[in-house]
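# Understanding the architecture of this molecule
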Number of protein chains: 2
Amino acid sequence: MEVRSVHHVAFAVEDLDAAVGTYQRLFGARIELRGRMEDQGVEAAYLRIGDGRIELVSALGEDTPVGRFLAKRGPGMHHVAFEVADVAAALRSLASAGAEVIDQEPRPGLGGHEVSFVHPDSIQGVLVEVIGA
Amino acid sequence: MEVRSVHHVAFAVEDLDAAVGTYQRLFGARIELRGRMEDQGVEAAYLRIGDGRIELVSALGEDTPVGRFLAKRGPGMHHVAFEVADVAAALRSLASAGAEVIDQEPRPGLGGHEVSFVHPDSIQGVLVEVIGA
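About the thresholds
- Residues numbered from 1 in each chain as written.
- Chains lettered and ligands numbered in written order.
- Predicted model: local features only at pLDDT ≥ 70, side-chain atom pairs only at ≥ 80, totals over all residues.
- Heavy atoms only, no water.
- Contact = heavy atoms within 4.5 Å.
- Buried area = accessible area lost by both parts, 1.4 Å probe.
- Salt bridge = Lys/Arg side-chain N within 4 Å of Asp/Glu carboxyl O.
- Pairing = 2+ DSSP bridges.
- Helix = DSSP H or I, 4+ residues; strand = E, 2+ residues; numbered from the N terminus.
- Axes fitted to C-alpha atoms, helices over the stretch in contact; angles between N-to-C directions.
- Least-squares fit on C-alpha atoms with pLDDT ≥ 70 in both.
- Expected span 1.5 Å × (residues − 1).
- Polar contact = N/O pair within 3.5 Å; in protein donor to acceptor, adjacent residues only side chain to side chain.
- Buried < 20%, exposed > 50% of the residue type's maximum accessible area, 1.4 Å probe, protein only.
- Arc of directions from axis to C-beta.

### Comments concerning the interface of chain B and chain A
Facing 40 residues of chain B, the contacting portion of chain A comprises 40 residues. Carbon and sulfur atoms supply 68% of the area buried between chain B and chain A, which totals about 3200 Å² over both sides. Among the residues of chain B in contact with chain A, B:Phe27, B:Met77 and B:Gln124 are the three that bury the most area, contributing 23% of the side total. At the junction of chain B and chain A, the tally comes to 0 salt bridges.

Dropping the structure here:
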(Lines give C-alpha, C1' and ligand atoms only; values in the text may rest on other atoms or scores of the structure.)
Protein backbone atom coordinates (compact mmCIF):
# COMPACT_ATOMS: atom_id res chain seq x y z
CA MET A 1 0.00 0.00 0.00
CA GLU A 2 1.35 3.37 -1.02
CA VAL A 3 0.61 6.45 1.06
CA ARG A 4 1.03 9.76 -0.76
CA SER A 5 1.24 12.07 2.21
CA VAL A 6 0.01 12.94 5.67
CA HIS A 7 -3.23 14.65 4.62
CA HIS A 8 -4.00 16.08 8.05
CA VAL A 9 -3.69 15.57 11.77
CA ALA A 10 -6.93 15.99 13.71
CA PHE A 11 -7.67 17.33 17.17
CA ALA A 12 -10.87 16.89 19.17
CA VAL A 13 -12.02 20.22 20.62
CA GLU A 14 -14.80 21.32 22.95
CA ASP A 15 -15.46 24.64 21.21
CA LEU A 16 -14.76 24.81 17.49
CA ASP A 17 -14.84 28.60 17.19
CA ALA A 18 -12.47 29.04 20.13
CA ALA A 19 -10.07 26.41 18.80
CA VAL A 20 -10.04 27.94 15.31
CA GLY A 21 -9.21 31.26 16.96
CA THR A 22 -6.33 29.72 18.92
CA TYR A 23 -4.67 28.30 15.81
CA GLN A 24 -5.23 31.50 13.85
CA ARG A 25 -3.76 33.65 16.62
CA LEU A 26 -0.82 31.46 17.63
CA PHE A 27 0.14 29.81 14.34
CA GLY A 28 -1.33 31.91 11.53
CA ALA A 29 -3.74 29.14 10.50
CA ARG A 30 -6.22 29.78 7.65
CA ILE A 31 -9.62 28.09 7.39
CA GLU A 32 -9.80 25.89 4.30
CA LEU A 33 -13.19 24.31 4.81
CA ARG A 34 -15.75 23.97 7.58
CA GLY A 35 -18.82 21.81 7.75
CA ARG A 36 -21.23 19.67 9.75
CA MET A 37 -21.48 15.94 9.20
CA GLU A 38 -24.71 15.05 10.97
CA ASP A 39 -24.37 11.30 10.34
CA GLN A 40 -21.04 11.30 12.16
CA GLY A 41 -22.15 13.75 14.83
CA VAL A 42 -19.39 16.26 14.21
CA GLU A 43 -18.75 19.79 13.10
CA ALA A 44 -15.22 20.07 11.74
CA ALA A 45 -12.85 22.42 10.00
CA TYR A 46 -9.74 21.97 7.91
CA LEU A 47 -7.12 24.62 8.63
CA ARG A 48 -3.97 25.21 6.62
CA ILE A 49 -0.86 25.90 8.67
CA GLY A 50 1.92 26.77 6.25
CA ASP A 51 1.64 24.07 3.62
CA GLY A 52 0.37 21.60 6.22
CA ARG A 53 -3.18 20.88 7.29
CA ILE A 54 -4.90 20.20 10.60
CA GLU A 55 -8.51 19.27 11.29
CA LEU A 56 -10.42 20.50 14.32
CA VAL A 57 -13.35 18.26 15.24
CA SER A 58 -16.14 19.11 17.68
CA ALA A 59 -19.05 16.92 18.76
CA LEU A 60 -22.69 17.65 17.90
CA GLY A 61 -23.76 15.84 21.07
CA GLU A 62 -22.47 13.81 24.01
CA ASP A 63 -23.65 10.51 22.56
CA THR A 64 -21.42 10.64 19.49
CA PRO A 65 -17.98 9.12 18.96
CA VAL A 66 -16.21 12.45 19.42
CA GLY A 67 -18.50 13.38 22.32
CA ARG A 68 -17.54 10.16 24.09
CA PHE A 69 -13.86 10.73 23.29
CA LEU A 70 -14.02 14.21 24.84
CA ALA A 71 -15.84 12.91 27.94
CA LYS A 72 -13.24 10.18 28.44
CA ARG A 73 -9.97 11.84 27.46
CA GLY A 74 -10.66 15.55 27.18
CA PRO A 75 -9.67 17.66 24.18
CA GLY A 76 -6.52 16.68 22.35
CA MET A 77 -5.06 14.73 19.48
CA HIS A 78 -7.65 12.49 17.83
CA HIS A 79 -6.39 10.91 14.58
CA VAL A 80 -3.96 11.17 11.69
CA ALA A 81 -5.00 10.86 8.05
CA PHE A 82 -2.86 9.29 5.36
CA GLU A 83 -3.74 10.16 1.77
CA VAL A 84 -3.92 7.34 -0.76
CA ALA A 85 -4.88 7.16 -4.42
CA ASP A 86 -7.56 4.50 -3.89
CA VAL A 87 -9.26 4.12 -0.50
CA ALA A 88 -11.02 0.85 -1.33
CA ALA A 89 -7.76 -0.74 -2.48
CA ALA A 90 -6.02 0.55 0.66
CA LEU A 91 -8.70 -1.05 2.85
CA ARG A 92 -8.21 -4.39 1.13
CA SER A 93 -4.44 -4.09 1.58
CA LEU A 94 -4.79 -3.19 5.26
CA ALA A 95 -7.26 -6.00 5.96
CA SER A 96 -5.01 -8.55 4.24
CA ALA A 97 -2.10 -7.33 6.37
CA GLY A 98 -4.18 -8.08 9.49
CA ALA A 99 -5.28 -4.54 10.40
CA GLU A 100 -8.76 -4.08 11.82
CA VAL A 101 -10.61 -1.79 9.43
CA ILE A 102 -13.52 0.08 11.06
CA ASP A 103 -15.28 1.05 7.82
CA GLN A 104 -15.49 -1.84 5.39
CA GLU A 105 -16.41 0.57 2.60
CA PRO A 106 -15.16 4.12 2.03
CA ARG A 107 -17.65 6.77 3.13
CA PRO A 108 -17.79 10.50 2.41
CA GLY A 109 -15.88 12.76 4.77
CA LEU A 110 -15.36 16.51 5.11
CA GLY A 111 -15.07 18.11 1.67
CA GLY A 112 -16.36 15.01 -0.11
CA HIS A 113 -13.17 12.99 0.23
CA GLU A 114 -13.61 9.24 0.54
CA VAL A 115 -12.48 8.20 4.00
CA SER A 116 -12.20 5.12 6.16
CA PHE A 117 -10.75 4.46 9.61
CA VAL A 118 -8.45 1.77 10.96
CA HIS A 119 -8.83 0.66 14.57
CA PRO A 120 -6.19 2.00 16.99
CA ASP A 121 -5.68 -1.49 18.41
CA SER A 122 -4.03 -2.37 15.09
CA ILE A 123 -1.61 0.58 15.19
CA GLN A 124 -0.20 1.02 18.73
CA GLY A 125 -3.13 3.12 19.93
CA VAL A 126 -3.27 5.52 16.98
CA LEU A 127 -6.56 6.05 15.13
CA VAL A 128 -5.62 6.25 11.44
CA GLU A 129 -7.86 7.63 8.73
CA VAL A 130 -7.23 6.65 5.14
CA ILE A 131 -8.40 9.42 2.83
CA GLY A 132 -8.69 9.78 -0.94
CA ALA A 133 -7.37 12.75 -2.88
CA MET B 1 4.34 33.93 13.56
CA GLU B 2 4.66 32.04 10.33
CA VAL B 3 4.60 28.26 10.26
CA ARG B 4 6.12 26.67 7.16
CA SER B 5 4.63 23.22 7.45
CA VAL B 6 3.62 20.35 9.67
CA HIS B 7 7.08 18.85 10.15
CA HIS B 8 5.85 15.66 11.79
CA VAL B 9 3.21 14.10 13.99
CA ALA B 10 4.54 12.00 16.84
CA PHE B 11 3.27 8.86 18.53
CA ALA B 12 4.36 7.44 21.88
CA VAL B 13 5.04 3.70 21.60
CA GLU B 14 5.95 0.92 24.02
CA ASP B 15 8.25 -0.95 21.64
CA LEU B 16 10.05 1.12 18.99
CA ASP B 17 11.11 -1.82 16.81
CA ALA B 18 7.60 -3.26 16.76
CA ALA B 19 6.05 0.10 15.97
CA VAL B 20 8.51 0.79 13.13
CA GLY B 21 7.58 -2.62 11.75
CA THR B 22 3.87 -1.83 11.91
CA TYR B 23 4.21 1.38 9.90
CA GLN B 24 6.54 -0.27 7.39
CA ARG B 25 4.19 -3.19 6.89
CA LEU B 26 0.87 -1.34 6.83
CA PHE B 27 1.81 1.99 5.26
CA GLY B 28 5.11 1.53 3.45
CA ALA B 29 6.98 3.80 5.87
CA ARG B 30 10.75 4.32 5.44
CA ILE B 31 13.10 5.07 8.33
CA GLU B 32 14.67 8.52 7.89
CA LEU B 33 16.58 8.79 11.14
CA ARG B 34 16.74 6.99 14.46
CA GLY B 35 18.48 7.98 17.64
CA ARG B 36 18.62 8.11 21.43
CA MET B 37 18.35 11.38 23.32
CA GLU B 38 19.49 10.43 26.80
CA ASP B 39 18.82 13.87 28.28
CA GLN B 40 15.18 13.61 27.24
CA GLY B 41 14.88 9.93 28.11
CA VAL B 42 13.73 8.82 24.68
CA GLU B 43 14.69 6.71 21.73
CA ALA B 44 12.93 7.99 18.63
CA ALA B 45 12.71 7.54 14.89
CA TYR B 46 11.56 9.73 12.03
CA LEU B 47 9.70 7.76 9.38
CA ARG B 48 8.69 9.06 5.98
CA ILE B 49 5.22 8.04 4.82
CA GLY B 50 4.80 9.27 1.27
CA ASP B 51 6.04 12.84 1.43
CA GLY B 52 4.88 13.14 5.03
CA ARG B 53 6.74 12.35 8.23
CA ILE B 54 5.84 10.72 11.53
CA GLU B 55 7.95 10.32 14.65
CA LEU B 56 7.79 7.26 16.88
CA VAL B 57 8.95 7.94 20.43
CA SER B 58 9.74 5.33 23.07
CA ALA B 59 10.80 5.87 26.69
CA LEU B 60 14.24 4.97 28.05
CA GLY B 61 12.69 4.47 31.49
CA GLU B 62 9.48 4.79 33.47
CA ASP B 63 10.56 8.00 35.18
CA THR B 64 10.80 10.04 31.98
CA PRO B 65 8.19 12.31 30.37
CA VAL B 66 7.28 9.73 27.73
CA GLY B 67 7.43 6.90 30.28
CA ARG B 68 4.91 8.75 32.46
CA PHE B 69 2.76 9.53 29.41
CA LEU B 70 2.66 5.83 28.49
CA ALA B 71 1.84 4.79 32.07
CA LYS B 72 -1.01 7.29 32.25
CA ARG B 73 -2.53 7.19 28.76
CA GLY B 74 -1.03 4.19 27.01
CA PRO B 75 0.51 4.32 23.56
CA GLY B 76 -0.95 6.80 21.10
CA MET B 77 -0.70 10.26 19.64
CA HIS B 78 1.79 12.42 21.52
CA HIS B 79 2.51 15.73 19.78
CA VAL B 80 2.50 17.64 16.51
CA ALA B 81 5.48 19.65 15.27
CA PHE B 82 5.18 22.86 13.28
CA GLU B 83 8.26 23.93 11.32
CA VAL B 84 9.33 27.57 11.55
CA ALA B 85 12.30 29.50 10.17
CA ASP B 86 13.42 30.78 13.59
CA VAL B 87 12.53 28.86 16.76
CA ALA B 88 13.68 31.57 19.18
CA ALA B 89 11.58 34.19 17.38
CA ALA B 90 8.60 31.82 17.37
CA LEU B 91 8.93 31.32 21.14
CA ARG B 92 8.89 35.08 21.69
CA SER B 93 5.84 35.41 19.46
CA LEU B 94 4.01 32.59 21.26
CA ALA B 95 4.84 33.94 24.71
CA SER B 96 3.67 37.43 23.76
CA ALA B 97 0.41 35.90 22.50
CA GLY B 98 -0.10 34.37 25.94
CA ALA B 99 0.91 30.77 25.20
CA GLU B 100 2.77 28.85 27.90
CA VAL B 101 6.14 27.92 26.44
CA ILE B 102 7.74 24.89 28.14
CA ASP B 103 11.28 25.51 26.87
CA GLN B 104 12.32 29.11 27.19
CA GLU B 105 15.26 28.51 24.86
CA PRO B 106 15.44 26.21 21.83
CA ARG B 107 17.20 22.92 22.55
CA PRO B 108 18.57 20.28 20.19
CA GLY B 109 16.15 17.57 19.10
CA LEU B 110 16.37 14.47 16.92
CA GLY B 111 18.60 15.11 13.92
CA GLY B 112 20.01 18.31 15.41
CA HIS B 113 16.95 20.45 14.73
CA GLU B 114 16.29 23.23 17.23
CA VAL B 115 13.07 22.40 19.05
CA SER B 116 10.86 23.78 21.78
CA PHE B 117 7.49 22.74 23.20
CA VAL B 118 4.34 24.67 24.01
CA HIS B 119 2.15 23.51 26.90
CA PRO B 120 -1.04 21.67 25.91
CA ASP B 121 -3.07 23.83 28.29
CA SER B 122 -2.45 26.71 25.88
CA ILE B 123 -3.71 24.80 22.83
CA GLN B 124 -6.87 22.81 23.70
CA GLY B 125 -4.94 19.82 25.04
CA VAL B 126 -2.49 19.46 22.16
CA LEU B 127 1.25 19.34 22.85
CA VAL B 128 2.86 21.40 20.08
CA GLU B 129 6.54 21.27 19.18
CA VAL B 130 8.06 24.17 17.30
CA ILE B 131 10.96 22.95 15.19
CA GLY B 132 13.59 24.67 13.06
CA ALA B 133 14.43 23.61 9.52
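### A look at the sheet that holds strand 1 (residues 3-12) of chain A
Each strand in a sheet pairs with another by means of backbone hydrogen bonds, the pair being arranged parallel or else antiparallel. Residues and elements named next belong to chain A. In spatial order, the strands read 2-3-4-1-5-8-7-6; together these 8 strands make up an open sheet with mixed pairing. Each of the sheet's edge strands pairs with one partner strand only, and the pair in question is strand 2 (30-37) and strand 6 (107-108). Note that strand 5 (residues 76-84) and strand 8 (residues 128-132) share 5 bridges and pair parallel. Residue pairing in the sheet places Phe82 in a bridge with Val130 of strand 8. Packing of helix 1 (residues 16-27) onto the sheet brings it into contact with strand 1, strand 2, strand 3 (42-49) and strand 4 (52-59), and relative to strand 3 it is tilted by some 5°.

### Digging into unusual backbone geometry
Leaving glycine aside, a negative phi is the common case for residues, and trans is the common case for peptide bonds. A positive phi angle, near 45°, is found at A:Gln124, a position not held by glycine. Among the structural elements, A:Gln124 can be located in the loop between strand 7 (114-118) and strand 8.

### Quick look at the relation of the copies chain B and chain A
Rotating chain B by 180° about the axis while translating it 0.0 Å along that axis superimposes it on chain A, leaving an RMSD of 0.0 Å. The operation mapping one copy onto its partner corresponds to a two-fold rotation axis. Of every C-alpha in chain B, the one belonging to B:Met77 sits nearest the axis of rotation, 3.1 Å from it. Most of the interface of chain B is mirrored in chain A, where 100% of its interface residues again form contacts.

### Thoughts on the pairing of strand 2 of chain A
All names here are of chain A. One ladder, built from 7 bridges, connects strand 2 with strand 3; its direction is antiparallel. Looking across to strand 3, one finds that Gly35 is bridged to Ala44. Hairpin geometry of strand 2 and strand 3 is characterised by an intervening segment of 4 residues between the two adjacent antiparallel strands and by a positive phi of about 70° at Gly41.

### Considerations on helix 1 (residues 16-27) of chain B
All names here are of chain B. Here helix 1 contains 12 residues, and its C-alpha end-to-end distance of 16 Å stays within 8% of the 16 Å for a straight helix at 1.5 Å per residue. The opening residue of helix 1, the one whose side-chain oxygen lies 3.1 Å from the backbone nitrogen of Asp17, is Asp15. Looking one or two residues past helix 1, Gly28 carries a phi angle of roughly 65°, positive in sign.

### A few points about helix 3 (residues 87-96) of chain A
Taken together, the buried positions of helix 3 of chain A are A:Val87, A:Ala90, A:Leu91 and A:Leu94. Along the axis of helix 3 of chain A, the buried positions cluster into a sector of 100°, meaning they face one direction only. When the buried face of helix 3 of chain A is taken as reference, the exposed residues oriented beyond 90 degrees from it are A:Arg92 and A:Ser96. The inward-facing, buried residues of helix 3 of chain A contact strand 5, strand 7 and strand 8 of chain A together with helix 1 of chain B. The distance from a side-chain oxygen at the start of helix 3 of chain A to the backbone nitrogen of A:Ala88 is 3.1 Å, and the residue carrying that oxygen is A:Asp86.

### Let's talk about the pattern of salt bridges
Following the criterion strictly, the structure yields 18 salt bridges over all chains and no others. For the salt bridge of B:Arg48 with B:Glu32, the shortest nitrogen-to-oxygen distance reads 3.3 Å. Of the two residues, B:Arg48 sits in strand 3 (residues 42-49) while B:Glu32 sits in strand 2 (residues 30-37), which places them 16 residues apart along the sequence. Take B:Arg48: its relative accessible area is 21%, and that puts it in the partly exposed class. With a relative accessible area of 36%, B:Glu32 lands in the partly exposed category. Through salt bridges with shared partners, a single ionic network connects A:Asp17, A:Arg34, A:Arg36, A:Glu38 and A:Glu43.

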